[in-house]
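Results of the structural survey
Each chain, letter by letter, is given below.
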Amino acid sequence: MPYLQRDNFRLYYQIFPDGDGYPVVFLHGFTLDHRLWRSQVDFFEGKRPLIIPDARGHGKSDAPPTGYSRRDRVDDLRYVVDNIQLESFHLVGLSMGGSTAIKFALENQKRLKSLTLISSSVAGNSIGPRISRIDKIAKREGLEAARSAWMRVGLAYFSDEQ
């Protein structure tokens, strides 16, 4: 079974290395574990590389006495992807895993090919200057102007101007 030693505990992860393209990392929700993603493994296995870690205190990962904040989960995720040498990947998170994924994405945007969130909250995160600018536009110029600015920001990735 693949484990990574981190400080005084071990993090469990599953890796399905076969497939083409960028790997997909799946993060489970609170009280769940890697088994949540069995249907996705059945679908994607052999098509894309898959990495499915158990958060500390969940599934087969050890449960240290402390270290259960979002910051700790983001650091654990970074530890896993760095140790298995993932430079760029798709990230999928459910609930608590989505909260972890959002924070990781805000800090590591260039590493992610995509971010998929399922039933997740962004509470407690700084949204960054590009998005906070949209909020200011909404307050100053109204919702239609904010929507137009949001579309420009959201679609900029697909523009030839980058």
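Preceding this paragraph is the structure being described.
Structure report, in brief. None of the values given here were measured: they were computed from a predicted structure.

Right, let's get into the overall build of the protein. Along its length, the protein carries five helices and six strands. Secondary structure elements in the protein, listed N-terminal to C-terminal, are β-β-β-α-β-α-β-α-β-α-α. Taking all 162 residues of the protein together, the buried fraction comes to 40%. Here the contacts in the protein between residues at least 6 apart in sequence split such that 64% fall between residues at least 24 apart.

Moving on to empty space enclosed by the protein. In the structure shown here, the tally under the stated rule is one cavity of 30 Å³ or more. Within this model, the largest cavity holds a volume of roughly 150 Å³. For the largest cavity, the lining is made up of 14 residues, of which L27, P53, D54, A55 and R73 are closest to its centre. Of all the secondary structure elements, the ones that give two or more residues to the lining of the largest cavity are α2 (70–83) and α3 (96–107). With four residues, the top contributor of residues to the lining of the largest cavity is α2. Residues of the lining of the largest cavity, tallied by class, amount to seven nonpolar, three polar and four charged.

Counting residues in each nonpolar core, the largest one holds 19 residues, and the members touching the most others are V25, L77, V81, L86, F89, L91 and F104. Among the elements of the structure, β2 (9–16), β3 (24–27), α2, β5 (89–94) and α3 are those that each provide at least two residues to this core. With near-sequence residues (within four places) excluded, F89 lies in contact with Y22, P23, V25, V81, F104, R111, L112, K113 and S114. By size, the runner-up hydrophobic cluster in this structure holds nine residues, among which are V24, W37, I52 and L94.

Here Q14 shows up in strand β2. Along the backbone, Q14 and D54 are 40 residues apart, and their C-alpha atoms lie at a distance of 8.4 Å. Residues within four places of Q14 in sequence aside, it is in contact with P2, H34, L50, I51 and I52. Here Y12 takes part through its side chain, which lies 3.4 Å from a polar atom of the side chain of Q14.

Here we come to the sheet that holds β3. Pairing is mixed in the open sheet, where six strands are placed in the order β1-β2-β4-β3-β5-β6. Of all the strands in the sheet, the pair left with one neighbour each is β1 (3–6) and β6 (112–118). Strand after strand, the sheet turns through a mean of 20° between neighbouring axes, direction not considered. As paired elements, β5 and β6 share six bridges and run parallel to each other.

A few words now on the side chain of H90. With respect to the secondary-structure elements, H90 resides in strand β5. For H90, a relative accessible area of 17% puts it in the buried group. Not counting the four nearest positions on each side in its chain, H90 is found in contact with Y22, P23, V24, V25, R48, K113 and S114.

With that settled, the discussion passes to the packing of aromatic side chains. Following the criterion strictly, the structure yields five aromatic pairs and no others. With centroids separated by 5.3 Å and ring planes inclined at 65°, the aromatic side chains of Y3 and Y12 adopt a geometry described as edge-to-face. For Y3, a relative accessible area of 26% corresponds to the partly exposed category. On the accessibility criterion, Y12 (4% relative accessible area) is buried. Ring geometry for F26 against F44: centres 6.3 Å apart, planes inclined by 45°, an arrangement best described as tilted. Taken together, the positions of F26 in strand β3 and F44 in helix α1 (residues 38–44) put the pair 18 residues apart, joining distant regions of the chain. The class of F44 is partly exposed, set by a relative accessible area of 26%.

Reading the values: the criteria
- Residues numbered from 1 in each chain as written.
- Predicted model: local features only at pLDDT ≥ 70, side-chain atom pairs only at ≥ 80, totals over all residues.
- Heavy atoms only, no water.
- Helix = DSSP H or I, 4+ residues; strand = E, 2+ residues; numbered from the N terminus.
- Buried < 20%, exposed > 50% of the residue type's maximum accessible area, 1.4 Å probe, protein only.
- Contact = heavy atoms within 4.5 Å.
- 1 Å grid on protein atoms, 1.4 Å probe; cavity = no way out; pocket = protein on both sides within 12 Å on 5 of 7 lines; lining within 4 Å.
- Points joined across faces, edges and corners; volume = space filled by probe spheres on them.
- Nonpolar A, V, L, I, M, F, W, Y, C, P; charged D, E, K, R; others polar.
- Core = buried A, V, L, I, M, F, W, Y, C linked by side-chain atoms within 4.5 Å.
- Polar contact = N/O pair within 3.5 Å; in protein donor to acceptor, adjacent residues only side chain to side chain.
- Pairing = 2+ DSSP bridges.
- Axes fitted to C-alpha atoms, helices over the stretch in contact; angles between N-to-C directions.
- Phe/Tyr/Trp six-rings, centres within 6.5 Å; stacked < 30°, edge-to-face > 60°.

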